[in-house]
Amino acid sequence: FNGLADRAFGRACCSLTRRLAMSHAIDEQPFPRGVLIAAALLITFSIGVAATARLTGTGATRAVPAEVVAERMVRLALQEDGSVRASDAQTGNEIAHLPQNEYGFVGVVLSGIRRERMRANVADTDPLRLTRHADGRLRIEDPSTGQIVSLDAFGHGNQAAFVPLLDTPQRSPQ
């Protein structure tokens, strides 16, 4: 029994000694200098190309919006019941009252705009610009914060929720 234990211990010691010797040999080998130089050049080149493109606009693609065919400055007010009251920013006349159950998306967009206005310390009553483009897209822009929401990104049904704000004539004050 002792002979077996001695042999097993001897094998374990030899195996451990070999592993330590290999690890030590790897630690002593320097990393290939050419690989390090190539990696540094690649990183420098990538940063240089990105900086040049950013500063000069070379290679940049920009989506130019189609011509604006309709525009209206509106004020949107979220009501306690979740509905949205829309008025013309120039006259103050009501354009529409949009109930939450039919036009909930308008309230969602308005909440996002209000959050950005709070961050920028902008009055909640400043008007928003709603535009329809020749290609049928609708955008709502907050001139106070520069925030632009492309409503077509949320699907046709959600975009359609904003159509009454452009197409509805003003109601006279009652």
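Look a little higher up for the structure.
Worth saying up front: this structure is predicted, and the values here are computed from it rather than measured.

Asks: I keep staring at the overall build of the chain and nothing clicks. Help me out?
Replies: When helices and strands are tallied, the chain shows 5 helices and 6 strands. Overall, the chain shows an N-to-C arrangement of helices and strands of α-α-β-β-β-α-β-β-β-α-α. Burial statistics for the chain: of 174 residues in total, 22% are counted as buried. Taking the intrachain contacts of the chain between residues at least 6 apart in sequence as the baseline, contacts between residues at least 24 apart amount to 52%. Per element, the accessible surface of the chain, about 12200 Å² overall, is 57% carbon and sulfur.

Asks: Which parts of the structure should I look at to understand the packing of aromatic side chains?
Replies: Any pair of aromatic rings gets described here by the distance separating the centres and the angle formed by the planes. Counted under the stated rule, the structure contains 2 aromatic pairs. On the numbers, 5.2 Å between centres and 55° between planes, the contact of phenylalanine 105 with phenylalanine 154 is tilted. Of this pair, phenylalanine 105 sits in helix 3 (residues 100-120) while phenylalanine 154 sits in the loop between strand 6 (147-150) and helix 4 (156-160), and the two are 49 residues apart along the sequence. A relative accessible area of 44% means that phenylalanine 154 is categorised as partly exposed. A centroid spacing of 6.0 Å and a plane angle of 85° characterise the contact between phenylalanine 105 and phenylalanine 162, whose relative ring orientation is edge-to-face. On the criterion of sequence distance, the pair formed by phenylalanine 105 in helix 3 and phenylalanine 162 in the loop between helix 4 and helix 5 (163-167) is long-range, its members being 57 residues apart. Of the residues examined, phenylalanine 105 reaches a relative accessible area of 13% and is grouped as buried. Among the residues examined, phenylalanine 162 registers a relative accessible area of 0% and is labelled buried. Taken together through their ring pairs, the aromatic side chains of Phe105, Phe154 and Phe162 make up a single cluster.

Asks: Looking at this structure, I do not really get the sheet that holds strand 2 (residues 84-88). What am I missing?
Replies: Strand-to-strand pairing in sheets goes through backbone hydrogen bonds, with the strands running parallel or antiparallel. The sheet built from 6 strands is open, its strands ordered 3-2-1-4-5-6 with antiparallel pairing. Taken across any chain shown, the strands that pair with only one partner, and hence form the sheet edges, are strand 3 (94-98) and strand 6. The mean angle between the axes of side-by-side strands here comes to 25°, regardless of whether they run parallel or antiparallel. The sheet contacts of helix 3 involve strand 1 (68-78), strand 2, strand 3, strand 4 (128-133), strand 5 (138-142) and strand 6, and relative to strand 1 the element is tilted by about 85°.

Asks: Just checking my understanding: could you explain the pairing of strand 3 for this structure?
Replies: Look at any regular strand and the pattern is simple: side chains alternate between the two faces of the sheet. With 4 bridges joining them, strand 2 and strand 3 adopt antiparallel strand pairing. Paired with valine 84 across the bridge in strand 3 is leucine 98. Hairpin geometry of strand 2 and strand 3 is characterised by an intervening segment of 5 residues between the two adjacent antiparallel strands and by a positive phi of about 85° at glycine 92.

Asks: Please explain a nonpolar patch on the surface as it appears in this structure.
Replies: A grouping of Phe31, Val35 and Leu36 is seen on the molecular surface, where their side chains present a nonpolar patch of about 310 Å² in accessible area. Take valine 35: it is sitting in helix 2 (residues 33-56).

Asks: Help me out: how do you make sense of the nonpolar core in this one?
Replies: Buried together is how nonpolar side chains tend to be arranged in soluble globular proteins. Among the nonpolar cores identified, the biggest contains 22 residues, and Leu76, Val109, Leu130, Ile140, Leu151, Phe162 and Leu165 are the most heavily contacted of them. Where this core is concerned, the elements lending two or more residues are strand 1, strand 2, strand 3, helix 3, strand 4, strand 5 and helix 5. Considering each element in turn, this core owes the most residues, 5 residues, to helix 3. Residue contacts for valine 109: discarding those within four places in its chain leaves Ile140, Leu151 and Phe162.

Rules used throughout
- Residues numbered from 1 in each chain as written.
- Predicted model: local features only at pLDDT ≥ 70, side-chain atom pairs only at ≥ 80, totals over all residues.
- Heavy atoms only, no water.
- Helix = DSSP H or I, 4+ residues; strand = E, 2+ residues; numbered from the N terminus.
- Buried < 20%, exposed > 50% of the residue type's maximum accessible area, 1.4 Å probe, protein only.
- Contact = heavy atoms within 4.5 Å.
- Areas by Shrake-Rupley, 256 points an atom, 1.4 Å probe, with all protein chains shown as cover.
- Phe/Tyr/Trp six-rings, centres within 6.5 Å; stacked < 30°, edge-to-face > 60°.
- Pairing = 2+ DSSP bridges.
- Axes fitted to C-alpha atoms, helices over the stretch in contact; angles between N-to-C directions.
- Patch = residues over 30% accessible without salt bridge, like charges linked within 9 Å, V, L, I, M, F, W, Y side chains within 5 Å.
- Salt bridge = Lys/Arg side-chain N within 4 Å of Asp/Glu carboxyl O.
- Core = buried A, V, L, I, M, F, W, Y, C linked by side-chain atoms within 4.5 Å.

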